[in-house]
Amino acid sequence: MSAAIIDGKAIADDLRAAIATEVAAIATRDGLQPGLAVVLVGSDPASEVYVGSKARQTVAVGMRSFEHRLPADVSEAELLALVATLNEDDAVDGILVQLPLPAHIDSNRVIEAINPDKDVDGFHPVNAGRLLIGLPGLVACTPLGSLLLVRTVHPDLSGLSAVVIGRSNIVGKPLAQLLLQYNATVTIAHSRTHDLPSVCRSADIVVAAVGRPEFVRGDWIKPGATVIDVGINRLPPKAGETKGRLVGDVAFEEVRAVAGAITPVPGGVGPMTIACLLRNTLQAFKARRGVAKF
Ligand code: GUN
């Protein structure tokens, strides 16, 4: 058996197209335009690429994009002052402060300074708490994108067992909560879990979010299971390569031979993250301005 490939790029394209249609209808009907502010501190090359791509896609769906670039030695107080200004700015519906921040800045303090109703990353403790107790709120983009991909295979998760490998605050924990909300039976596995291969073999859905290249092997997977690979790792270059290959947390070829459906890397969860950021921005806009659902 060879697993179906879950085409995250195509699913993200469809999601962005639906958002663009709704944004255009809002502009026509209400004369309003949702706005997303992205704050980048310093000039980490990976963050630069990510922020540039966010800005392009924000404009492409018809939203306003505000970019704030601050030097790496900006003080925490200056960054908090910018966040306070963005909280008050009526043109800004969503605020994202790109992580990681330089070591002299307390990331938690910055995240907690963002108005939870503009926290399109879903990282604020208020939004994490809302997710935990099942209240509407803004949900972190990578877990949300992963859930949307799972639901293309399993529109109804009731009764299915899911193992999430990784317990980070930004992926593993919120994704486990989302799967639980959709009635899956959820196990969170991590570096201290005993006999991880057997734990995974019991699952209908395996999500890998550990940051270890090709960690999940073919013989860990129940035949026909759905496998979502959140990892993105660059291997060291082999002889003759200038850059190493990009791989996920799943040994793709081995797992594909056993699974029923699998996300590729790249082209799986990755493209869903920014699409979900735009979805969250539209959600925040509608909630703040009381704009009716279409
Ligand atoms: N850095 C890498 N991914 C993310 C993300 O989803 N949000 C923020 N704020 N920073 C990131």
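Fair warning: this is a prediction, and the values are worked out from it, not measured in the lab.

### Description of helix H7 (residues 172-181)
Working step 1: All buried positions along H7 are accounted for by Gly 172, Pro 174, Leu 175, Ala 176, Leu 178 and Leu 179.
Working step 2: If you follow the buried residues of H7, they end up packed against helix H5 (125-133), helix H6 (141-153), strand S5 (161-165), strand S6 (185-189) and strand S7 (205-208).
Working step 3: In the stretch just after H7, Asn 183 is the one whose phi turns positive, near 75°.

### Focus: the pattern of salt bridges
Working step 1: This structure, assessed with the given rule, holds 16 salt bridges.
Working step 2: Put simply, Glu 22 and Lys 286 hold a salt bridge, and the shortest N to O gap is 2.4 Å. Within this pair, whereas Glu 22 is found in helix H1 (residues 8-30), its partner Lys 286 is found in helix H10 (residues 269-289), the two being separated by 264 residues in sequence.
Working step 3: The exposure class assigned to Glu 22 is buried, which follows from its relative accessible area of 18%.
Working step 4: One salt bridge in this structure joins Arg 109 and Asp 106, with 3.9 Å as the shortest N-O distance.
Working step 5: When its relative accessible area of 48% is taken as the criterion, Arg 109 is described as partly exposed.
Working step 6: Residues participating in the shared-partner salt-bridge network are Asp 90, Asp 93, Arg 288 and Arg 289.

### Points about the sheet that holds strand S3 (residues 64-70)
Working step 1: Overall, parallel pairing links the three strands, which are arranged S3-S2-S4 in an open sheet. Edge positions in the sheet fall to S3 and strand S4 (94-97), since each of these pairs with one other strand and no more. Within the sheet, the average angular offset between the axes of one strand and its neighbour, ignoring direction, is 15°.
Working step 2: Where strand S2 (residues 35-41) lies against S4, four bridges are found, and the strand directions are parallel. Looking across to S4, one finds that Leu 36 is bridged to Gly 94.
Working step 3: Running at roughly 160° to S3, helix H2 (residues 45-60) makes contact with S2, S3 and S4 of the sheet.
Working step 4: The sheet strands contacting helix H3 (residues 76-88) are S2, S3 and S4, and the helix crosses S2 at an angle near 175°.

### Overview of the site of the ligand
Working step 1: Around the ligand sit Tyr 50, Leu 96, Val 97, Gln 98, Leu 99, Asp 121 and Phe 123, and that is every residue in its neighbourhood.
Working step 2: A distance of 3.1 Å is found between a nitrogen atom of the ligand and a side-chain nitrogen or oxygen belonging to Gln 98.
Working step 3: Leu 99 places a polar main-chain atom, nitrogen or oxygen, 2.9 Å from a nitrogen atom of the ligand.
Working step 4: Computed on the free molecule, the ligand has an accessible area of 280 Å², of which 78% lies beneath the protein chains in the complex.
Working step 5: Per-class residue counts for the shell around the ligand are five nonpolar, one polar and one charged.

### What about the sheet that holds strand S1 (residues 4-5)?
Working step 1: Spatially, the six strands line up as an open sheet ordered S1-S11-S8-S7-S5-S6, and their pairing is parallel. In the strand order of this sheet, the two ends are held by S1 and S6, each with one partner.
Working step 2: In terms of strand pairing, strand S8 (residues 226-229) meets strand S11 (residues 261-262) through two bridges, oriented parallel. Each residue of the ladder has a partner; that of Val 227, found in S11, is Ile 262.

### Some thoughts on the packing of aromatic side chains
Working step 1: One pass over the structure, following the stated rule, counts one aromatic pair.
Working step 2: Measuring from ring centre to ring centre gives 5.3 Å for Phe 215 and Trp 220, while their planes differ by 80°; the resulting arrangement is edge-to-face. Exposure class is identical for Phe 215 and Trp 220. Each is buried.

### Here's the deal with the environment of Glu 76
Working step 1: You can see Glu 76 is positioned in helix H3.
Working step 2: Measuring from C-alpha to C-alpha, the distance between Glu 76 and Pro 174 comes to 27 Å, with 98 residues separating the pair along the chain.
Working step 3: Beyond its immediate stretch of four places on either side in the chain, Glu 76 contacts His 104, Ile 105, Asp 106 and Arg 109.

The rules behind these values
Residues numbered from 1 in each chain as written. Predicted model: local features only at pLDDT ≥ 70, side-chain atom pairs only at ≥ 80, totals over all residues. Heavy atoms only, no water. Buried < 20%, exposed > 50% of the residue type's maximum accessible area, 1.4 Å probe, protein only. Helix = DSSP H or I, 4+ residues; strand = E, 2+ residues; numbered from the N terminus. Contact = heavy atoms within 4.5 Å. Salt bridge = Lys/Arg side-chain N within 4 Å of Asp/Glu carboxyl O. Pairing = 2+ DSSP bridges. Axes fitted to C-alpha atoms, helices over the stretch in contact; angles between N-to-C directions. Near = heavy atom within 4 Å. Polar contact = N/O pair within 3.5 Å; in protein donor to acceptor, adjacent residues only side chain to side chain. Areas by Shrake-Rupley, 256 points an atom, 1.4 Å probe, with all protein chains shown as cover. Nonpolar A, V, L, I, M, F, W, Y, C, P; charged D, E, K, R; others polar. Phe/Tyr/Trp six-rings, centres within 6.5 Å; stacked < 30°, edge-to-face > 60°.

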